[in-house]
Amino acid sequence: MSTKIQIQLQVNGEARELLVRTDETLLETLRDQFQLTGTKRGCNQGVCGACTVLRDGEPVRACLSLAVNSTDTELTTIEGLATNGELQPIQQAFVAEGAPQCGFCMSGMVLAAKALLDTNPNPTIDEVREGLSGNLCRCTGYVKVVDAVMATAAGKYG
Amino acid sequence: MNAMDDIIGSALPRIDSNEKVTGSAVYVDDLYRPHMLHAARLGSPYAHARILSCDVTTARALPGVKSVITAADLPDRNIGVAVDDEPILARGIVRYVGEPVAAVAADTLAIAQAALRLIEIEYQELPAVLDPVAALASDSPLVHENFADYDKRFSAPSDGNMLSLMEVATGDLETGWRESDIIIEGEFTTPAIHPQYIEPCGALAEVDGNGKVTVWSSTQSVFISQADVSRSLDLPLSKVRCIATRIGGGFGGKQGANEAVAAALAIATNRPVKLIMSREEDMISMRSRHAAIIRMKTGAKRDGTLVCRETEVIFDAGAYCDLSPFVPMYTVMMAQGPYRIPHLSNTARTVYTNRLRATSIRGFGTIQATFAGESQLDEIAHKLGIDPIDIRIKNAIRDGDKWFGSIPVPVASTVPCLEAIRNHPRWQSRHQQDAVKPGKRRGFGVCATVQRGSVFSASAQVRMSEDGSVTLTTAYVDIGSGSDTALAQICAAELGISIDQVNLVTPDSDGGVYDFGTAADRGTSQVGHEVQKAALKVREQLLEYAGEMLECAPQDLELRPRGKVGIKGVPQPELGFGDIAARGLYAGGGPIIGTHSSRVKDSPLDPEVTRSVGMDNVAMGAHFEFAAHAIEIEIDEATGQVTPVEGWCAIDVGRVINALGADGQIVGGFVQGVGTALLEELVWDDGRLANPSLMDYKIPGILDVPYDIHRMVLENPEPDTPWGARGMGDLCINGPVPAIANAITDAANVRLHDLPMTAERVLRLLIEK
Amino acid sequence: MKFFEPDTIDEAVSLLNEHEEARCISGGATLVAMMNADLVDMPALVSLRRITGLAGIAADKDGLRIGGMTTHNTIANDPQLAGGWSVLRRAAGQIAHPGVRTMGTIGGSISHADPAADYLGALVAADARVEIAGADGVRQVPATDFFVDYYTTDVEDGELVTAVLLPAAPAGAVGIHRKFARADGDFATASISLVLALSGDVCTHLRIAVGGCGATPINVPEAEQLLVGQPLDKQRIAEAGKLLSAACDPIDDVRGSAEYRLLLVPRLLQQALDMATDEINAGAAA
């Protein structure tokens, strides 16, 4: 049985305090304790990227992050993007450009795209591809995802 | 036709897109039920062994463990769609490394996994057979000694480890070889691969107070899953309900996803039980695509006319049959490719081995033979000095031809697909690019492919509500293809309403209709057909009721856009669908409900012309699908690395239902095909999977495939499907494999016969040259 | 499992010495993956996250100091890592994927010492030293002595890596990390890391390390000596490649056979030298 430690962190703008096991991953904390199931477990080895969240603005693998090591950080999960049901431009772009298929990789993909555009608002296609290179998708073949990001950068969705 | 079809072909976003970009889509692991337990399974360490004893007492005693079960706790029953050869927990014998032997339900997953380590099982190792050729030998250990006792539901002959033998032939091979000026012979191999859906398999089961089991599952077929639970636990189907959650990809690997084990634990504990595979477990114990050895011999005349093709395939089915027999059925029907070849013989032997079960993974029986056939055709073209596109056009099957001399092919699109690629501006200018960098070689390859769609039974129900909206039930599972949206579009188009007015019901075995499952490109064409027919019945009832209300004959009425009925030629009065439906309920003929169900009419084979074994003189499926692919690759001469640089996909979909959906399937299939061609292989080390992780088994990431993938969507309608639409899910994955093989030959004058076409394999050939 | 967050290196060292089989966690990219796969189970974890001064890249009179907690992403984007030092920057930028590079650290990666990882060869080619802190104080170990065997370094129980130290590279040198992998983000099947300096077309400095072809990075001084002091030519490069291959002891695994790795070594060497030469010439022309 693992010891438990009290941590505090911000999740989608809300300050949270909770007890976590010392060996608890951020992915487990998000899904099991916060019931924020938008962040997905695809491989639990840090390869597929379905567990991508933003920690202090940077994309990280939630499955490779220990909750205890994320104390005093600001997390953004996929649930934190839309406000009052209104989608952010990147989300609208994904929808309108036809990016999601089975959807399982999309939480990570959208956040990786957001992180990219936050640091590089006018990327080239190559830069978009580089920025998304850590998110595996088995359905789409990636082209429409790139189109959605480029369209967002071009301001097509606000 | 009165259907308003401007919704057909539009680029409507999927009806489920919003939930997928906000993280609110509910996949099975996102479900929580009160008092839920977590399950884990123990896998066999041996490829073939007898279970001598099993002691679970220590495991059961671990605090937090609520149940430990083995086959001893279950009825003596097997599952299997084609033959019931598979226990849900190994009974007496284990047949592959990782086969589940025991299962635990506990308060947490960590406790369940700890309990697994406390289970003591004594095995007696048995000789294992790990390759299908060895398995065919008469002295090979038998994977299923009691095969004769199983309920086998297909007629192809079985013998020893050979699960099925299927053959189709026409003409006469000896005549064919005599008439050929050139004959090419070769052997090709393709390895087992894993579908690598990003969401691993999983199920959540619970039992209600009346003993009815409900299972939520990441399954491609709620009815196969229902049958698995019912059969293995000896429960009547009326006591089992299966609901499909949102599915994170299937690709043919999720016909049933461990629901039965979850259900068994739920019954044993009387609590909900969730069982989710880890990536490693999924790769070790779920499903793979058949490894294959393809021996092919092709004969042609000097002018490039194909005369004769003989194909013999050995498929490795792994330890359990699953949907194996259906795979070679497609192989023997289509190994010759989309060409007129008068003398043909296709044979497929599907063989049990002590490895992971193989099944109808995307590329359903054709991807392996297509690799061989389209490679050999290029070899012939090269030897005869004929352009690869020309030789394909020359031999292509044409509208009205008969497949194998038996099956009419109303629409044969190989020629227009190839011409679409040839006429594409980027293809035309392909040699006008910048010079190849030193140390690199550039090559182009083409291929033409065929697939077959629709299988077994489907049904649909459309019910009109009092506000004019409809509820559509099909039980067909959208595994990511966009079928939910397409089917809703078909329904909406038939009735002239907006797609927002279609309430699509979650696939549910309690839902009132039946569907075989997501497979064989059957969604748009076959299930869509049922939707169309059901919607037409609703239309009839609307007109009948409206006729009563307007006091005129139904044939004088018409449907109008946005849910209205009026008299032809008379603008007013108009009735709204909702009013008609409401009146029906309380004052009229009853609820407006349209239902339709049917089984696909498989195509008969004329035994005079088409000789066959194991096919019941029938070719399963209802229509053919055609495509052509081309690709540009670059080879690094120093390492042999093959990089796909640009792609061309020409697919004839008959009629686009959803433009975004069709486009997504084409590109997605292309990229998956690149994975099969260059990267993917399940590697076994003496029966144990050596690469059960995404670290070690690579699928294409965005930087492994080009952005420049050109899509040419052709629309030559099929006669008897909704708006002429055909399926394409399986079709789009086959092309890149031989196209890349042909491109490598074009670039470096070496030919690979084995997949994947790794840098190592290419470099060896380059050095040998 | 106990969890500690010391504020200083000394505290961390004390904790490691106090708790048998305790492990450090820096970024967690490797360690947590191993935990998730049930490959490791320690009674105590010592997080280095709170220790100031462990992350960051700073020049000093001896060269460059890269703190052990510096992430791959930071290293991959730091303009100070120019010239010969760019071998490290380029290695960092090819590790795994963007979402891992934000978390993984150089200290964590080299402590794990996976022979197929990217830093190992780069450190050797850059003549780096590794700084290790322990109960007896701080010591430095040349990279060639730091990597001892598969997943084994010179770090003893109770010690931790605190920094990687790079001496000044020769003026005008370039650093190349030519990695061959099956797919983007994969571990190397084989890699060549090198630092090259030319005077005119004469090679004045060359350090080569082979990655992924043995228990540790392979460095063969004779191979370098064959090429230093004269213009680079294909024949001598091929001979140097042969010497390197002969010193390699690769395994067969899913990323490639041993035989293929040996084939790759001289070829990757030629490619890396071509890239380095092109870059030097482009710089000279600019």
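Residues numbered from 1 in each chain as written. Chains lettered and ligands numbered in written order. Predicted model: local features only at pLDDT ≥ 70, side-chain atom pairs only at ≥ 80, totals over all residues. Heavy atoms only, no water.

Turning to the overall build of chain B, a few remarks are in order. A count of helical and extended segments in chain B gives 20 helices and 35 strands. The C-alpha atoms of chain B give 27 Å as radius of gyration, which agrees with the globular expectation for 769 residues (27 Å, within 12%). Taken along the three principal axes of its C-alpha coordinates, chain B extends 85 × 75 × 55 Å. Residues classed as buried in chain B amount to 65% of the 769 residues present. Here the analysis covers contacts within chain B between residues at least 6 apart in sequence; of these, 79% occur between residues at least 24 apart. Positive and negative side-chain charges of chain B, numbering 70 and 99 respectively, have mean locations separated by a distance of 1 Å. (Helix = DSSP H or I, 4+ residues; strand = E, 2+ residues; numbered from the N terminus. Rg over C-alpha atoms; globule rule 2.2 N^0.38 Å. Buried < 20%, exposed > 50% of the residue type's maximum accessible area, 1.4 Å probe, protein only. Contact = heavy atoms within 4.5 Å. Lys, Arg positive; Asp, Glu negative; His and termini not counted. Charge placed at Lys NZ, Arg CZ, Asp CG, Glu CD.)

On to the sheet that holds strand β2 (residues 49-55) of chain B. To summarise the sheet geometry, strands pair through backbone hydrogen bonds and adopt either a parallel or an antiparallel arrangement. All names here are of chain B. If you walk across this open sheet you meet the three strands as β4-β2-β6, and the pairing is antiparallel. At either margin of the open sheet sits one strand with a lone partner, and together these are β4 (93-94) and β6 (120-125). The pairing of β2 with β6 spans six bridges and is classified as antiparallel. Directly across from C54, in β6, lies its bridge partner I121. (Pairing = 2+ DSSP bridges.)

Turning next to the domain arrangement of chain A. All names here are of chain A. Assigned domains of chain A: these are domain 1 (4-80) and domain 2 (89-153). Taking only C-alpha atoms, the centre of domain 1 and the centre of domain 2 are 21 Å apart. Across the boundary between the two partners, domain 1 contributes 17 residues, which contact eleven residues of domain 2. The contact between domain 1 and domain 2 buries some 1,100 Å² in all, and 67% of this surface belongs to carbon and sulfur atoms. Contact with domain 2 buries surface across domain 1, with T52, L54 and I78 losing the most and accounting together for 42% of the total. Put simply, domain 1 and domain 2 have zero salt bridges between them. For the side of domain 1 that touches domain 2, the secondary structure elements donating two or more residues are β3 (52-55) and β4 (58-61). For the side of domain 1 that touches domain 2, a count of residues per class yields seven nonpolar, seven polar and three charged. (Domains from an automatic or database assignment. Buried area = accessible area lost by both parts, 1.4 Å probe. Salt bridge = Lys/Arg side-chain N within 4 Å of Asp/Glu carboxyl O. Nonpolar A, V, L, I, M, F, W, Y, C, P; charged D, E, K, R; others polar.)

Quick look at the sheet that holds strand β2 (residues 23-25) of chain C now. Residue and element names in this part refer to chain C. As summarised here, the arrangement of the three strands in space is β1-β3-β2, forming an open sheet in which the pairing is parallel. Each of the sheet's edge strands pairs with one partner strand only, and the pair in question is β1 (2-4) and β2. With strand direction ignored, the average angle separating the axes of adjacent strands in the sheet is 30 degrees. Bridge count between β1 and strand β3 (residues 44-47): three bridges; the pairing is parallel. Each bridged residue has a counterpart across the sheet, and for K2 the counterpart in β3 is A44. (Axes fitted to C-alpha atoms, helices over the stretch in contact; angles between N-to-C directions.)

Quick look at the packing of aromatic side chains now. In the structure shown here, the tally under the stated rule is 16 aromatic pairs over all chains. Ring plane angle 75 degrees and centroid distance 5.9 Å describe the contact between F180 of chain C and Y260 of chain C, whose orientation is recorded as edge-to-face. Placement of F180 of chain C in strand β11 (residues 174-180) and of Y260 of chain C in helix α11 (residues 258-285) is noted, with a sequence separation of 80 residues between them. Y260 of chain C shares its class with F180 of chain C; the two are buried. A cation sits over an aromatic face here: R452 of chain B above F624 of chain B, 4.5 Å from the ring centre. (Phe/Tyr/Trp six-rings, centres within 6.5 Å; stacked < 30°, edge-to-face > 60°. Lys NZ or Arg CZ within 6 Å of the ring centre and 35° of its normal.)

We now examine the packing of helix α3 (residues 106-119) of chain A against helix α5 (residues 143-153) of chain A. Residue and element names in this part refer to chain A. Contact pair α3 / α5: the axes reach a minimum separation of 11 Å and the direction vectors enclose 35 degrees. Relative to α5, the crossing made by α3 is right-handed. Only V145, V149, T152 and A153 of α5 make contact with α3, whose side of the interface consists of M106, M109, A113, L116 and L117. A per-class count over the contact of α3 with α5 returns eight nonpolar, one polar and no charged. (Left-handed = near helix turned anticlockwise from the far one by under 90°.)

To continue, consider the nonpolar core. Grouped burial of nonpolar side chains is what soluble globular proteins tend to show. Core analysis: the largest hydrophobic core is formed by 213 residues, its most contacted members being F94 of chain A together with W403, I740, I744 and M757 of chain B. Not counting residues up to four positions away in its chain, the partners in contact with M757 of chain B are F371, V642, A677, L678, V737, I740, A741, I744, L752 and V762 of chain B. I7, V531, L542 and V565 of chain B belong to the second largest nonpolar core, which has 43 residues in total. (Core = buried A, V, L, I, M, F, W, Y, C linked by side-chain atoms within 4.5 Å.)

A cluster of nonpolar residues, Y150, Y151 and I251 of chain C, forms a patch on the protein surface that exposes about 290 Å² of accessible area. Within the secondary structure layout, I251 of chain C lies in the loop between α10 (234-247) and α11. (Patch = residues over 30% accessible without salt bridge, like charges linked within 9 Å, V, L, I, M, F, W, Y side chains within 5 Å. Areas by Shrake-Rupley, 256 points an atom, 1.4 Å probe, with all protein chains shown as cover.)

Across the boundary between the two partners, chain A contributes 30 residues, which contact 27 residues of chain C. Overall, the association of chain A and chain C removes approximately 2,000 Å² of surface from exposure, summing both partners, and the carbon and sulfur fraction of that is 53%. The three residues of chain A that bury the most area against chain C are L64, L66 and N69 of chain A, which together make up 28% of that side's buried surface. Scanning the region where chain A abuts chain C turns up two salt bridges. With a shortest N-O distance of 3.6 Å, R101 of chain C and E130 of chain A are connected by a salt bridge. Connecting chain A to chain C are eleven residue pairs in polar contact (both at pLDDT 80 or more). Of all elements in the fold, only β4 and α4 (125-131) of chain A reach the threshold of two or more residues within the side of chain A that touches chain C. (Polar contact = N/O pair within 3.5 Å; in protein donor to acceptor, adjacent residues only side chain to side chain.)

Next up on the list: helix α19 (residues 736-748) of chain B. All names here are of chain B. Taking 1.5 Å per residue as the helical rise, α19 with its 13 residues ought to reach 18 Å, and the 18 Å between its terminal C-alpha atoms agrees with that figure. Where burial is concerned, most of α19 is hidden: twelve out of the 13 residues are buried. Positive phi appears at N749, one or two residues downstream of α19, with a value of about 60 degrees. (Expected span 1.5 Å × (residues − 1).)

We now examine the domain arrangement of chain B. All names here are of chain B. In terms of domain boundaries, chain B breaks down into domain 1 (28-126 + 201-276), domain 2 (357-454 + 615-768) and domain 3 (457-599). Relative to domain 2, the C-alpha centre of domain 1 lies at a distance of 38 Å. Taken over both partners, the interface formed by domain 1 and domain 2 buries close to 680 Å², and the fraction arising from carbon and sulfur atoms is 44%. In this assembly, domain 1 and domain 2 are joined by one salt bridge. There are four residue pairs in polar contact (both at pLDDT 80 or more) connecting domain 1 and domain 2. Residue composition of the side of domain 1 that touches domain 2, by class: five nonpolar, three polar and one charged.

Below, the discussion takes up the pattern of salt bridges. Pairing is possible between side chains that carry opposite charge, provided their charged atoms lie close to one another. Residue and element names in this part refer to chain B. Within the structure shown, the criterion is met by 74 salt bridges over all chains. Measuring nitrogen to oxygen at the nearest pair gives 2.6 Å for the salt bridge that ties R246 to E19. Here R246 is found in the loop between β11 (240-244) and α7 (259-269), whereas its partner E19 is found in helix α1 (residues 17-22), with 227 residues between them in sequence. Look at R246 and you get partly exposed, because its relative accessible area is 21%. Between D510 and K212 there is a salt bridge whose closest N-O contact spans 2.7 Å. One end of the pair, D510, is in the loop between β23 (502-504) and α15 (523-550); the other, K212, is in the loop between β9 (202-207) and β10 (213-217), and 298 residues separate them in sequence. Overall, D510 belongs to the partly exposed group, its relative accessible area being 40%.

We now examine the interface of chain B and chain A. It is common to report an interface's size as the accessible area lost on association of the parts. Contacts between the two partners involve 48 residues from chain B, matched on the other side by 46 residues from chain A. Regarding the contact of chain B and chain A, the summed buried area is about 4,000 Å², with carbon and sulfur atoms giving 62% of it. The largest share of the area that chain B buries against chain A comes from V21, I702 and Y707 of chain B, three residues that together contribute 20% of it. Taken together, the links from chain B to chain A amount to six salt bridges. Looking at the side of chain B that touches chain A, the elements with two or more residues in it are α1, α17 (659-679) and β35 (709-714) of chain B. When residues of the side of chain B that touches chain A are assigned to their parent elements, the largest contribution, eight residues, is made by α17 of chain B. Counted by class, the side of chain B that touches chain A contains 24 nonpolar, 14 polar and ten charged residues.

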